[in-house]
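Chain by chain, the residues run as shown.
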Amino acid sequence: METAQQLDKNVLGANDLPKGTVNEEQGSMTQDTPYPKETVGRPFVDDPKMRLRDVEVFYDDNQAIHGVSLDIGKNEVVSLIGPSGCGKSTFLRCLNRMNDTIDICKVKGSLHLESQDLYDPKLDVVELRARVGMVFQKPNPFPKSIYDNVAYGPRIHGLANKKYDLDEIVETSLRKAGLWEEVKDRLHAPGTGLSGGQQQRLCIARTIAVSPEVVLMDEPCSALDPIATAKIEELISELSESYTIAIVTHSMQQAARVSHRTAYFHLGRLVEMNDTETVFTKPEHDLTEAYITGRFG
Amino acid sequence: MDRMHFGEHSSTQFNEALESIRNHLMEMGGLVEKQVVDALQALLQADSALAEKVIETEDKVDKLEMLIDEQCTRVLALRQPAASDLRLIIAVSKAVSDLERIGDESAKIARMGLQLAEEGESPRGYVEVRHIGNHVRNMLRDTLDAFARFDAKKALTVAAEDNEVDMEYASAMRSLVTFMMEDPRSITRVLNIIWSLRALERIGDHARNIGEQVIYLVEGKDVRHISIDEMEEKLKG
């Protein structure tokens, strides 16, 4: 039987493996720990919002994601964790076709948002990104007013015909993002004049203004201080009542705090996906254990 | 089960902190084990000097308990341990209170030994004390051994032993009660033996508790408050 580890050596070459993980010569703790043939834990749910099967991503000839299959449940918060370069951001970006912007990037597999095939050539990507919104690592408000930042999406998608409707969308979105009280008196001041944490909440308000079904977050708090981080985390749990959320984070504590299920990626494979509590108290796979406890990184 | 990789942490300081906690726990375990052995000997041989020594050791045990608790608190606050590290901290901080209680029970036995040395020996019960004492002492040794080696199987045998100790204790109690009814003049002295047996039985319970913490540490499963069969079942599943 060809193990996933051997497969990996064929693809990457033994020298490309990170130190202390699976390199046999080193005799390290995980030397006898091949990648599981299948993801361990509970990667699937009964009623998935997003159903992702055998996802593979290539940058030219380099394979970045190897056969990842998982579900994201409705109103669920899923966090993706793993060492740098493990493919978690690449995977997240497949979910609203952000990878389309990279020419050399090819995505294979079956990716569905409910019954919609995400990679259907007839699908309007702009439409898709209204249904699956994204918040990035660095807050990136448009160089416009706070109001226009939030109103931008609803305007281009034609969600509001009258000024009154637009005002209401802006207020609701800012309220949901927990920013309304702080900015209601200066809606026409530039968005870039807000603090980092406020800017990030503005970006979240902008994302939810178009009523997406899924919100993807790529390390949304890594540029924020602990107070701003706590606000965003609080927001995530509130937002999960209306939206489905997938979040990539480098902070394991954050994954532990905000998510229902946690997926651990390693060298482009999904090693384990389990209830967050299980992952952080009794992970099933040795690689997860080693990463969670900081035995390699 | 080789999931316990303490000492391979990428942070040296974290390694050292965990190592130090484990070493202190083992030191405390050794101290308490010696207390139990000495207390039994003091009682059986009416050795007052040894009994005094056992009582004095309590102070050292208490200090170690506080030291280990402080170390655990520090690791929780500074390192936010997860998975096996987290389970180690939880298991250790629970095990130290059991060890401290075992120390208390040993001191109780030593006090009974002092009284018996003063008031004269009990006419009955020494055989039972020796027998149950040895049994409990082996349990304590095994449970500490299981902790040191992360051996869940051995920890499970300690729980099974505890059931036997409970039965031996009940049977000893019946025969001593019968004896007291036959010879009421000996009641005071026999009662000292009964309290000692009771202390030994409690030590057995604490050893079992520590064994359950070892199982939680190694397997991540909570096996408290269930029967041995259920424990075995849970460990299989």
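All figures in this text were calculated on a predicted structure; none of them were measured in a lab.

Asker: Lay out the overall build of chain A in plain terms, naming residues and giving numbers.
Answerer: Per the secondary structure count, chain A includes 11 helices and 11 strands. Out of the 297 residues in chain A, the part that is buried amounts to 55%.

Asker: So what about the interface of chain B and chain A? Which residues, and what values?
Answerer: Contacts between the two partners involve 19 residues from chain B and, on the opposite side, 14 residues from chain A. Contact between chain B and chain A buries roughly 1,400 Å² in total, counting both sides, with carbon and sulfur atoms accounting for 43%. For Arg 295 of chain A, the salt bridge is made with Asp 85 of chain B, and the minimal N-O distance between the two is 3.0 Å. Our enumeration of links across chain B and chain A arrives at five residue pairs in polar contact (both at pLDDT 80 or more).

Asker: Provide a residue-level description of the environment of Met 231 of chain B, including the pertinent values.
Answerer: All names here are of chain B. Secondary-structure assignment places Met 231 in helix α7 (residues 228-236). Owing to a relative accessible area of 0%, Met 231 belongs among the buried residues under this scheme. For the pair Met 231 and Gln 115, spaced 116 residues apart in sequence, the C-alpha to C-alpha distance is 41 Å. Excluding its chain neighbours within four sequence positions, the residues that come into contact with Met 231 are Leu 156, Ala 159, Arg 208, Glu 212, Ile 215, Val 223 and Ile 226.

Asker: So what's going on with the pattern of salt bridges? Which residues, and what values?
Answerer: All names here are of chain B. All told, the structure shown has 31 salt bridges over all chains when counted by the stated rule. The closest approach of N and O atoms between Arg 202 and Asp 205, which form a salt bridge, is 2.8 Å. Here Asp 205 and Arg 202 lie together in helix α6 (residues 187-219), a separation of three residues that amounts to about one turn.

Asker: An account of the nonpolar core is requested, with residue identities and associated values reported.
Answerer: Ranked by size, the top nonpolar core spans 70 residues in total, and within it Val 92, Leu 99, Phe 147, Leu 197 and Leu 200 of chain B carry the most contacts. Sequence-distant contacts of Leu 99 of chain B, defined by excluding residues within four places in its chain, comprise Leu 25, Met 28, Gly 29, Val 32, Leu 140, Leu 144 and Ile 210 of chain B. Grouped together as the second largest cluster of nonpolar side chains are 35 residues, Leu 166, Ala 177, Leu 202 and Leu 239 of chain A included.

Asker: Which residues make up a negative patch on the surface, and what values do they have?
Answerer: All names here are of chain B. A cluster of acidic residues, Asp 229, Glu 230, Glu 232 and Glu 233, forms a negative patch at the surface. Relative to the helices and strands, Glu 232 resides in helix α7. Taking relative accessible area as the criterion, Glu 232 reaches 36% and is therefore assigned partly exposed.

Asker: So what about the packing of α6 of chain B against α7 of chain B? Which residues, and what values?
Answerer: Residue and element names in this part refer to chain B. Where α6 contacts α7, the two axes come as close as 12 Å, and the packing angle between them is 15°. In this view, α6 runs roughly parallel relative to α7, as classed from their interaxial angle. For the crossing formed where α6 meets α7, the hand is left-handed. Every residue of α7 that contacts α6 at Arg 208, Glu 212, Ile 215 and Glu 219 is listed here: Ile 228, Met 231 and Leu 235. Grouping the constituent residues of the contact of α6 with α7 by class yields four nonpolar, no polar and three charged.

Asker: Tell me about the side chain of His 206 of chain B, residues and numbers included.
Answerer: All names here are of chain B. With respect to the element layout, His 206 can be found in helix α6. Among the polar contacts made by the side chain of His 206, one reaches the side chain of Asp 98 at a distance of 2.8 Å. Every residue in contact with His 206, bar those within four places of it in the chain, is listed here: Asp 98, Arg 101 and Ile 102.

Asker: Could you give an account of helix α1 (residues 12-44) of chain B, with specific residues and numbers?
Answerer: End to end, α1 of chain B covers 48 Å across 33 residues, agreeing with the expected 48 Å (1.5 Å per residue, within 8%). Taken from the residues just after α1 of chain B, Ala 46 of chain B is the one with a positive phi, measuring 50°.

Asker: With reference to specific residues and values, describe the sheet that holds strand β9 (residues 244-248) of chain A.
Answerer: All names here are of chain A. Taken together, seven strands build an open sheet; the order of strands is β1-β11-β10-β4-β9-β8-β7 and the sheet is mixed. Strand pairing shows two members of the sheet lacking a second neighbour, β1 (40-41) and β7 (132-135), which therefore form its edges. The pairing of β7 with strand β8 (residues 214-218) spans four bridges and is classified as parallel. By the bridge assignment for β8, Val 135 is matched with Met 217. Sheet strands in contact with helix α7 (residues 196-208) are β7 and β8, and its direction is about 170° off that of β7. With respect to the sheet, helix α8 (residues 226-239) is in contact with β4 (77-81), β8 and β9, its orientation differing from that of β9 by roughly 150°.

Asker: Outline the packing of helix α2 (residues 48-79) of chain B against helix α3 (residues 83-119) of chain B, supporting the account with residue identities and numerical values.
Answerer: Residues and elements named next belong to chain B. Where α2 contacts α3, the two axes come as close as 9 Å, and the packing angle between them is 165°. In this view, α2 runs roughly antiparallel relative to α3, as classed from their interaxial angle. Crossing handedness for the pair α2 and α3: left-handed. Partitioning the contact of α2 with α3 into residue classes produces 16 nonpolar, five polar and eight charged.

Asker: Pulling in residues and values, what's your account of unusual backbone geometry?
Answerer: In this structure, Arg 97 of chain A takes a positive phi of about 60° despite not being glycine. As for its placement among the helices and strands, Arg 97 of chain A is situated in the loop between α2 (88-94) and β5 (105-113). Its relative accessible area of 12% is what places Arg 97 of chain A among the buried residues. Unlike most non-glycine residues, Gln 80 of chain B shows phi in positive territory, near 40°. Relative to the assigned elements, Gln 80 of chain B resides in the loop between α2 and α3. What makes Gln 80 of chain B partly exposed here is its relative accessible area of 40%.

Asker: If you had to explain the confidence of the model for chain B to someone new, which residues and values would you point to?
Answerer: Residues and elements named next belong to chain B. For chain B, the mean per-residue pLDDT works out to 94, and 97% of the residues sit at or above 70. The secondary-structure element of chain B with the lowest mean pLDDT is α7, recorded at 93, while helix α4 (residues 126-149) shows the highest, at 97. ipTM for the predicted complex: 0.79, alongside a pTM of 0.82.

Asker: Break down the environment of Gln 80 of chain B for me, citing the residues and quoting the values.
Answerer: In this structure, Gln 80 of chain B is in contact with Gln 253 of chain A together with Val 75 of chain B, ignoring residues within four places of it in sequence. A distance of 3.0 Å separates a polar atom in the side chain of Gln 80 of chain B from the backbone oxygen of Ala 77 of chain B.

Asker: Any details on the packing of aromatic side chains? Residues and values, ideally.
Answerer: To describe a pair of aromatic rings, one takes the distance between the centres and the angle between the planes. Residue and element names in this part refer to chain A. All told, the structure shown has three aromatic pairs over all chains when counted by the stated rule. Look at Phe 91 and Phe 265: their rings are 5.5 Å apart centre to centre, the planes differ by 45°, and that puts the pair in the tilted class. Here the residue Phe 91 occupies a position in helix α2, and Phe 265 occupies one in strand β10 (residues 261-266), the gap between them amounting to 174 residues. Each member of the pair, Phe 91 together with Phe 265, is buried. Over the ring of Phe 142 we find Arg 206, and its NZ or CZ is 4.3 Å from the ring centre.

So, how was this worked out
- All chains use their own residue numbering, which begins from 1 and follows the written sequence.
- Chain letters start at A and ligand numbers start at 1, both assigned in the order the entries are written.
- This being a predicted model, a pLDDT of at least 70 is required before a residue's local features are given, and a value of 80 or more before pairs of side-chain atoms are given or counted; all residues contribute to the totals for chains, interfaces and linings.
- The side-chain quantities take in all heavy atoms of the structure and omit both hydrogens and water.
- What counts as a helix is a DSSP run of H or I of at least four residues, what counts as a strand is a run of E of at least two, and both are numbered from the N terminus.
- Exposure classes here rest on a 1.4 Å probe applied to the protein chains alone. A residue is buried below 20% of its type maximum, exposed above 50%, and partly exposed in between.
- Residues are treated as being in contact if the distance between any of their heavy atoms lies within 4.5 Å.
- What gets called buried area is simply the loss in accessible area from a 1.4 Å probe that two parts show on being joined, summed for both.
- Whenever Lys or Arg places a side-chain nitrogen within 4 Å of a carboxyl oxygen from Asp or Glu, that contact is recorded as a salt bridge.
- Counted as a polar contact is a pair of N or O atoms within 3.5 Å, where, for protein atoms, one must be capable of donating a hydrogen and the other of accepting one, and residues adjacent in sequence contribute only when both atoms are in side chains.
- Here, nonpolar core means buried Ala, Val, Leu, Ile, Met, Phe, Trp, Tyr and Cys residues that are tied together by side-chain atoms lying within 4.5 Å of each other.
- Residues qualify for a patch when their relative accessible area is over 30% and they have no salt bridge, like charges being joined within 9 Å and the nonpolar side chains of Val, Leu, Ile, Met, Phe, Trp and Tyr within 5 Å.
- Per-residue accessibility takes into account occlusion by the displayed protein chains alone, with areas from the Shrake-Rupley method and a 1.4 Å probe.
- Residues scored as charged are limited to Lys and Arg (positive) and Asp and Glu (negative), so that His and the chain ends carry no count.
- Where a charge lies is defined by one atom per residue type: Lys uses NZ, Arg uses CZ, Asp uses CG and Glu uses CD.
- As a rule, the C-alpha atoms of each element are fitted with a line to give its axis, helices using only the stretch in contact, and angles between N-to-C directions run from 0 to 180 degrees.
- By definition in this entry, angles of less than 35 degrees are roughly parallel, angles greater than 145 are roughly antiparallel, angles of 65 to 115 are roughly perpendicular, and the rest are oblique.
- Less than a right angle of anticlockwise turn of the near helix away from the far helix marks a crossing as left-handed, whereas a clockwise turn marks it as right-handed.
- When residue character is reported, Ala, Val, Leu, Ile, Met, Phe, Trp, Tyr, Cys and Pro are called nonpolar, Asp, Glu, Lys and Arg charged, and the others, Gly included, polar.
- Residue count minus one, scaled by 1.5 Å, sets the expected span of a helix.
- The pairing criterion for strands is at least two bridges between them, as found by DSSP.
- Each residue gets a pLDDT score, which is the predictor's confidence in that residue and runs from 0 to 100.
- The pairing test for Phe, Tyr and Trp rings, Trp by its six-membered ring, is centres within 6.5 Å, and the orientation test on the planes gives stacked under 30 degrees, edge-to-face over 60, and tilted for anything in between.
- Definition used: whenever NZ (Lys) or CZ (Arg) falls within 6 Å of the ring centre and also within 35 degrees of the ring normal, the charge is taken to sit over that ring.

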